[in-house]
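Chain by chain, the residues run as shown.
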Amino acid sequence: RGAITYSAAVSACETGEQWPQVLQLLRELADSRVERCTITYNAAVRAGAKGKQWSQALQLFREFADNRVERDTTTYNAAVSACETGEQLVQA
């Protein structure tokens, strides 16, 4: 599997609101030698927001820096959405 495959799979899980599968894919990605990318993490943060997993979505947001993945506008919008979902407007 490559970065594009992981991104597509995480995006599909986001659309289908399949949060447990998103976490499984992220674990597989971490165990692989595939480079992590912004698109995959953005989809994962959005999936967390949609799945009302705001705390875990924000943890993924923090992991961007740890994993040297660049954040973009979509990243920040997804994090704010997660805060809104969890009624954590102070963190937003």
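Structural data are supplied above this passage.
Residues numbered from 1 in each chain as written. Predicted model: local features only at pLDDT ≥ 70, side-chain atom pairs only at ≥ 80, totals over all residues. Heavy atoms only, no water.

Peer 1: Please explain the side chain of N42 as it appears in this structure.
Peer 2: For N42, the position within the fold is in helix 3 (residues 38-50). Only 2.5 Å separates the side chain of N42 from the side chain of T75, close enough to count as a polar contact. (Helix = DSSP H or I, 4+ residues; strand = E, 2+ residues; numbered from the N terminus. Polar contact = N/O pair within 3.5 Å; in protein donor to acceptor, adjacent residues only side chain to side chain.)

Peer 1: Please clarify how the pattern of salt bridges should be interpreted in this entry.
Peer 2: For side chains bearing opposite charge, pairing can occur when the charged atoms are close. The tally for this structure, following the rule as stated, stands at two salt bridges. For E14, the salt bridge goes to R46, with nearest N and O atoms at 2.9 Å. Highlighted residues: E14 in helix 1 (residues 3-15) and R46 in helix 3, separated in sequence by 32 residues. You can call E14 buried: its relative accessible area is 6%. Judged by relative accessible area, which is 27%, R46 ranks as partly exposed. A salt bridge links E14 to K50, with the nearest nitrogen and oxygen atoms 3.3 Å apart. Residue E14 is found in helix 1, and its partner K50 is found in helix 3; the two are separated by 36 residues along the sequence. (Salt bridge = Lys/Arg side-chain N within 4 Å of Asp/Glu carboxyl O. Buried < 20%, exposed > 50% of the residue type's maximum accessible area, 1.4 Å probe, protein only.)

Peer 1: I tried to follow helix 2 (residues 19-31) on my own but got confused; where do I start?
Peer 2: An α-helical turn contains 3.6 residues, so a residue and the one three or four places further along point in the same direction. Taking 1.5 Å of rise per residue, the 13 residues of helix 2 would be expected to cover 18 Å, and the 19 Å separating its terminal C-alpha atoms lies within 8% of that figure. Three or more residues of helix 2 are buried, namely W19, V22, L25, L26 and L29. Projected down its long axis, helix 2 carries its buried residues within an arc of 115°, all on one side. Residues of helix 2 that are exposed and angled more than 90 degrees away from the buried face: P20 and D31. (Expected span 1.5 Å × (residues − 1). Arc of directions from axis to C-beta.)

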